[in-house]
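# Structural overview for review
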Amino acid sequence: MKIFHSINDFHTIANGTIKKTILTLGTFDGVHFGHKKILERVTQNTESGKYESLVLTFFPHPRMVLQEESEIKLLNTLDEKIHLLQEIGIQNLVIHPFDEKFSRLTAEEFVKNVLVDQFHIQKIIIGHDHRFGRNRTANIDDLKAFGKQYDFEVEEITAQEIKEVSVSSTKIRNALMEGNVALANEYLGYNYSLTGTVIKGKQLGRTIGFPTANLKLEENFKLVPQNGVYIAKSILNAKTVFGMMNIGFNPTVDGKFQTIEINYFDFDEDLYGQKITVSIIERIRSEQKFDSVELLKEQLEKDKKIAIAYFNKL
């Protein structure tokens, strides 16, 4: 997959001739089942080799730019989104820096200057409710009119098709914020994950037989699921390692800041300074404050048994 970091950087020239593109656009946060329905339609249209598939997406997320009060958390980092789109087989990805200047393009300026002149589109595949142009005033009917004017096709993903999938990034965010990781994973089609660097913590876990890797996330916009204890796994040194993860404030020891800590089973290698990814599989329980560290340890033993029983079923 070729990656371009702005619209103006994009080019698709083979043997001196410009290849036309089959395009779709959107934020694609999560690259979930609903997104895949559209993205796979794009790749199917390019199987003959006559055209190239192209996804136009934006960073930062438009709501981060246009809504000052927005505190939207995202399901994917850019690296995660790139990996997921690559797996689907998209040939070209344009990640355009979204800003107020870009948001002020009229619908016709966007169609003529971007879609036609820059991307040389043969077809655009888009959801029935897509709106675009300054203040999002143009709709699918306007796009079809532009298609006739500038000679490109518009393929509409109907409301019925979207309803059949019944998945949205908002639904997934809500599930994660409620701690329902299993439902979020079902919607995503893969396990939700957190990636970060292992840093030194208070090292309390080590003293009670539950040493943890303390994770510092790379991006502050990445959505962290509701506080609690989760079944998790990672690939460490090319080996799948199972464990349990705690997200929360460690109330038993009067913690002041939210931490993300993973206790891996049957693994004792030094991870400090390493970048790791933790796949979150299932929630065990909510975060609790115990009357003593000893009672916390007893609960952690119970949590571990639940996690091991889960992994033994796999």
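Everything below is about the structure printed above this text.
This section reports on the structure supplied with the text. (Residues numbered from 1 in each chain as written. Predicted model: local features only at pLDDT ≥ 70, side-chain atom pairs only at ≥ 80, totals over all residues. Heavy atoms only, no water.)

If you tally the helices and strands in the protein chain, you get 11 helices and 14 strands. By principal-axis analysis of the C-alpha atoms, the protein chain measures approximately 75 × 40 × 35 Å. Counted over contacts in the protein chain with a minimum sequence separation of 6, partners at least 24 positions apart contribute 73%. Here the protein chain has roughly 16,300 Å² of accessible surface; of this, 48% comes from carbon and sulfur atoms. Both charge centroids of the protein chain, one from 39 positive and one from 42 negative side chains, sit 1 Å from each other. (Helix = DSSP H or I, 4+ residues; strand = E, 2+ residues; numbered from the N terminus. Contact = heavy atoms within 4.5 Å. Areas by Shrake-Rupley, 256 points an atom, 1.4 Å probe, with all protein chains shown as cover. Lys, Arg positive; Asp, Glu negative; His and termini not counted. Charge placed at Lys NZ, Arg CZ, Asp CG, Glu CD.)

A word on unusual backbone geometry. Of all residues except glycine, most have a negative phi; of all peptide bonds, most are trans. In this structure, the amide linkage connecting Phe59 to the following residue, Pro60, adopts the cis form with an omega of 5 degrees. Assignment of secondary structure puts Pro60 in the loop between β5 (52-59) and α2 (62-66). With phi around 65 degrees, Asp151 is a residue other than glycine that occupies positive phi space. Assignment of secondary structure puts Asp151 in the loop between α6 (140-150) and β8 (153-157). Positive phi is not limited to glycine here, since Asp266 has a value of about 55 degrees. One can find Asp266 in the loop between β13 (259-264) and β14 (275-285).

This paragraph deals with the environment of Gln274. Mapped onto the secondary structure, Gln274 falls in the loop between β13 and β14. When its relative accessible area of 31% is taken as the criterion, Gln274 is described as partly exposed. Between the C-alpha atoms of Gln274 and Phe210, which are 64 residues apart in sequence, the distance is 19 Å. Setting aside anything within four residues of it in sequence, one finds Gln274 in contact with Gly196, Thr197 and Val198. Polar side-chain contacts of Gln274 include one of 3.2 Å to the backbone oxygen of Asp270. (Buried < 20%, exposed > 50% of the residue type's maximum accessible area, 1.4 Å probe, protein only. Polar contact = N/O pair within 3.5 Å; in protein donor to acceptor, adjacent residues only side chain to side chain.)

The next subject is the pairing of β8. In this sheet, β8 lies alongside strand β7 (residues 121-127) in parallel orientation, the contact comprising 5 bridges. Considered in β8, the bridge of Ile124 is made with Val154. Note on the crossover from β7 through α6 to β8: the handedness is right-handed. (Pairing = 2+ DSSP bridges. Right-handed = clockwise from strand over helix to strand, strands pointing away.)

Following the criterion strictly, the structure yields 11 aromatic pairs and no others. Ring centres 5.1 Å apart and planes at 75 degrees place the aromatic pair Phe4 and Phe10 in the edge-to-face group. Of the two residues examined, Phe4 and Phe10, each falls in the buried class. When the centroid spacing of 5.5 Å and the interplanar angle of 45 degrees are considered together, the rings of Phe58 and Phe102 count as tilted. (Phe/Tyr/Trp six-rings, centres within 6.5 Å; stacked < 30°, edge-to-face > 60°.)

Grouped together as the largest cluster of nonpolar side chains are 30 residues, with contacts concentrated most on Met245 and Tyr264. For this core, the elements supplying multiple residues, two or more each, are α8 (169-177), α9 (181-188), β9 (193-199), β10 (213-217), β11 (228-236), β12 (239-248), β13 and β14. Of the residues forming this core, the biggest block, 4 residues, is contributed by α9. Here Met245 is in contact with Leu194, Gly228, Val229, Tyr230, Ala232, Ile260, Glu261, Ile262, Val278 and Ile280, once residues within four sequence places are set aside. (Core = buried A, V, L, I, M, F, W, Y, C linked by side-chain atoms within 4.5 Å.)

Strand order in the open sheet made by the 6 strands is β1-β6-β5-β4-β7-β8, with parallel pairing throughout. The sheet terminates laterally at β1 (2-4) and β8, the two strands that pair on one side only. Across the sheet, the mean angle separating the axes of adjacent strands is 20 degrees when strand polarity is ignored. Pairing geometry for strand β4 (residues 21-25) and β5, over 5 bridges, is parallel. The residue bridging Leu23 from the neighbouring strand is Leu54, located in β5. Sheet contacts for helix α1 (residues 33-44): β4, β5, β7 and β8; angle to β4, the most-contacted strand, approximately 170 degrees. Packed onto the sheet, α6 meets β7 and β8 and runs at close to 160 degrees relative to β8. (Axes fitted to C-alpha atoms, helices over the stretch in contact; angles between N-to-C directions.)

On to the pairing of β9, then. Within β9, 5 of the 7 residues are buried, leaving the element largely enclosed by the surrounding structure. Alignment of β9 against β14, held across 5 bridges, turns out to be antiparallel. What sits directly across from Thr197, in β14, is Lys275. Looking at chain direction, β9 and β10 are connected through 4 bridges and run antiparallel.

By volume, the largest pocket amounts to about 1,400 Å³. Around the largest pocket, the lining comprises 41 residues; the ones closest to its centre are Gly26, Thr27, His130, Arg131 and Arg136. Among the secondary structure elements, those contributing two or more residues to the lining of the largest pocket are β4, α1, α2, α4 (100-103), β7, α7 (159-165) and α8. For the lining of the largest pocket, the per-class residue count stands at 16 nonpolar, 17 polar and 8 charged. (1 Å grid on protein atoms, 1.4 Å probe; cavity = no way out; pocket = protein on both sides within 12 Å on 5 of 7 lines; lining within 4 Å. Points joined across faces, edges and corners; volume = space filled by probe spheres on them. Nonpolar A, V, L, I, M, F, W, Y, C, P; charged D, E, K, R; others polar.)

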